[in-house]
Every structure is written in structure tokens, then in C-alpha cells.
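# Overview (structure and organization)
Each chain, letter by letter, is given below.
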Amino acid sequence: MSEPRWAGERPCPADRAASLVAAAFPELAGLPVVPFAEGWDNTVHLVGDSWVFRFPRRAVALPGFRRELAVLPRLSPLVPLRVPVPELVADDDDDDDPWPFAGARLLPGRELADAALPDSARTAAAAALGRFLRALHDQRTRAAVAVDLPVDPLHRGWPRARVDDTREQLAQLVADGIWAGDPAVVTLLAEAETLDPPLGEPVLVHGDLHIRHLLLDVEGRAAGVIDWGDVCLADPALDLALGYTAFTGPARAALLEAYGGVDAERALRARALGIRLSAFLAAYAADLGRPALLAEALNGLRRATDPS
């Protein structure tokens, strides 16, 4: 069997991270280095009490990693939630192909994926996310950031381009006994498959906004947005997918009101992408034994078809 898509070819355990950080930034030498998080594309370590260093795990992630290094310092003052600003940037010690790594100040909070908040307690976070996305998607923000970015390089805004792969992942979840299946998901994907590529002027988007990338504080309020390796120009649906997988009922209504409304076609694109992201997160969580993330991802499949 082939390795899962999230398998990385350049691991960075804590001892290697400590060596790289000490060599590049002697003022941090000797501080404790503790594994902090890991995603598909990056390994993350906490250095001391206040620095978070991210190390790419996969070569395919390098162009996006370099783009976020350029975008985030310019974006930070333009949006109402905190984003990680890379302040310490260096290359690793690979002689043949050095990869960049970067340190940013620790953003306090926990992933929405791990918060286990009931739907009824998500309204404040949803409204804050709506305000954040409204600012992010404003064309004035794109103009102010002024970084050359690709336009939806993975075609996430066009459901038809990725629907077969999405269906395969959903079928695998059923085959593995992770998910029971849902006719409403099948129907929604069939409807989304009829859409042509989006025609509107693209906006600046996070590009991979899901339940692991929104941070909440201890009271359940939105605290920050992390992991910008897929930042690009695209249809707003790419980021609005989170609105349809993390929120429903009054919380979703609060997000949409704060954002300024979403038409039916864009909502369908967002829901379809939300199903795709939730399916892959569910497989990832099951593979790594992360029950909270698994539960949240499966709930995302349910919420994506909720009409409220």
C-alpha cells in the first residue's frame, strides 16, 4: 500500500529542530524545544515559552511556505484576528537542497478541532470569523499585501475538478468503518459537480481554512488563524467552507451576517469543499488516533449538508 498523503519526506524531530534553531539563532540556543503540532505539510516545535518554529515536511509544500513568509508580515495589520508573523527565518542544513524554516511568536489558543464546543456555544467565534474573512477578502487587502500569488492552483473553488477524488475518500471512510455514509452528502456533491469554474474576480484567501486552522481562547472566542501555506488568490468559497463545516444554526447565521452574505452558488462551492476537507481530516484523524479531531471532522460532514 502507498503511504498516506500526509506522509512527509523530511522529518524534523525535536533534537534536529533544536540543532537548526541554535545554529541559525544563537540567542535561542539552550532553550527547551518541545514538539507542538504536526500537520500534512509542517512539523511544529515550541522553542522556549514564546517561539513557534515550523519546518516543512514535504517538498510540495515549499512554494506555499515561501509565499506565506512574504504575505503574513503584510497581512497582519490588516485583519482583525491574529496571524503568525514569521520573524526568524533561515534554511536547514541539507547540503543538496536546503529548505526554509521559520519562527513566529506563539499565538495563544487551541485548535477549534480540539475544543469540543457544542454548536450552541460557537456563535461568538463564528461572528469573529465572519468579520475576519470580510477583511481578508476585501480587494483593498489584496492590493495592500501586493504579493504575486497563483490563482487557485489546486482548483479548490471548482468542485468538479476534485469530486472524483472526494468520492473515493468518502468511500474509503465507509469501507474502513469510520463513517456510515450519508445520502445528503452524495446529493450535494452531485449538485456541486454541475458548477462551472468560478468567474468572479479572485480575492486573497487563506486557501486551506478548516477546523485545525482557527484558534479559540479558553472562553471559546476566536483568537487567531494559522497555517497559511496555501495562501493564494481564489473564490471566497475556499475560506467560507469552514462556515459550513464548523458552524450551523445561529452560529452560521452570525458568520454570514458579519461577512455580508453569501449567494447560493458560492455556498454550494463552499459546502462541497467542506465535505472534501472533512473527509480527509477524518481519515487523517483515524490514522493517527486523534478522537477529538475525528469527531469534529465527521460532524463537519453532517453540518455541510445542514440547510440552516
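Up top is the structure.
An account of the accompanying structure is given in this report. (Residues numbered from 1 in each chain as written. Predicted model: local features only at pLDDT ≥ 70, side-chain atom pairs only at ≥ 80, totals over all residues. Heavy atoms only, no water.)

## Here's the deal with the pairing of strand E9 (residues 222-225)
Pairing between strand E8 (residues 214-216) and E9: 3 bridges, direction antiparallel. When the sheet's bridge partners are listed, leucine 216 is paired in E9 with alanine 222. Between the antiparallel neighbours E8 and E9 lie 5 residues, among them glycine 220 with a positive phi of about 85°. (Pairing = 2+ DSSP bridges. Helix = DSSP H or I, 4+ residues; strand = E, 2+ residues; numbered from the N terminus.)

## Structural notes on the side chain of arginine 10
Examined against the element boundaries, arginine 10 turns out to sit in the segment before helix H1 (14-24). For arginine 10, a relative accessible area of 15% puts it in the buried group. There is a polar contact of 2.9 Å between the side chain of arginine 10 and the side chain of aspartate 92. Sequence-distant contacts of arginine 10, defined by excluding residues within four places in its chain, comprise Arg16, Pro56, Arg57, Asp92, Asp94, Asp97, Pro98 and Trp99. (Buried < 20%, exposed > 50% of the residue type's maximum accessible area, 1.4 Å probe, protein only. Polar contact = N/O pair within 3.5 Å; in protein donor to acceptor, adjacent residues only side chain to side chain. Contact = heavy atoms within 4.5 Å.)

## What to know about the packing of aromatic side chains
One pass over the structure, following the stated rule, counts 6 aromatic pairs. On the basis of an interplanar angle of 45° and a centroid distance of 5.9 Å, the ring pair of phenylalanine 25 and phenylalanine 53 is categorised as tilted. You can see phenylalanine 25 sitting in the loop between H1 and strand E1 (33-38) and its partner phenylalanine 53 sitting in strand E3 (residues 51-56), a full 28 residues away along the chain. Relative accessible area serves as the criterion here: at 0%, phenylalanine 53 is assigned to the buried category. Among the aromatic side chains, those forming a connected cluster through ring pairs are Phe25, Phe53, Phe55 and Phe101. Between the NZ or CZ atom of arginine 10 and the centre of the ring of tryptophan 99, over which it lies, the distance is 3.9 Å. (Phe/Tyr/Trp six-rings, centres within 6.5 Å; stacked < 30°, edge-to-face > 60°. Lys NZ or Arg CZ within 6 Å of the ring centre and 35° of its normal.)

## With respect to unusual backbone geometry
Although it is not a glycine, alanine 116 adopts a positive phi angle of roughly 55°. Within the secondary structure layout, alanine 116 lies in the loop between helix H3 (112-115) and helix H4 (123-136). By relative accessible area, alanine 116 is classed as exposed at 65%. For alanine 146, which is not a glycine, the phi torsion comes out positive at approximately 55°. By the secondary structure assignment, alanine 146 is in the loop between helix H5 (139-145) and helix H6 (163-175).

## Quick look at empty space enclosed by the protein
Counted by the stated rule, this structure contains 3 cavities of 30 Å³ or more. Empty space within the largest cavity amounts to approximately 80 Å³. The wall of the largest cavity is formed by His155, Arg156, Trp158, Pro159, Arg162, Val163, Thr166, Leu189, Arg269, Ala272, Leu273 and Arg276. Within the residue set of the lining of the largest cavity, elements represented by two or more residues are H6 and helix H10 (264-288). Looking at which element gives the most residues to the lining of the largest cavity, the answer is H10, with 4 residues. In terms of residue class, the lining of the largest cavity is made up of 6 nonpolar, 2 polar and 4 charged. (1 Å grid on protein atoms, 1.4 Å probe; cavity = no way out; pocket = protein on both sides within 12 Å on 5 of 7 lines; lining within 4 Å. Points joined across faces, edges and corners; volume = space filled by probe spheres on them. Nonpolar A, V, L, I, M, F, W, Y, C, P; charged D, E, K, R; others polar.)

## Focus on H1
Turning to H1, its buried residues are Ala17, Leu20 and Val21. Looking straight down H1, one finds that the buried residues subtend no more than 95° of arc, so they occupy a single side. In this structure, H1 carries Asp15 and Ala23 as exposed residues pointing more than 90 degrees from its buried face. Buried-residue contacts for H1 involve E1, strand E2 (42-47), E3 and strand E5 (100-105). (Arc of directions from axis to C-beta.)

Distances and angles like these do not, on their own, reveal function.
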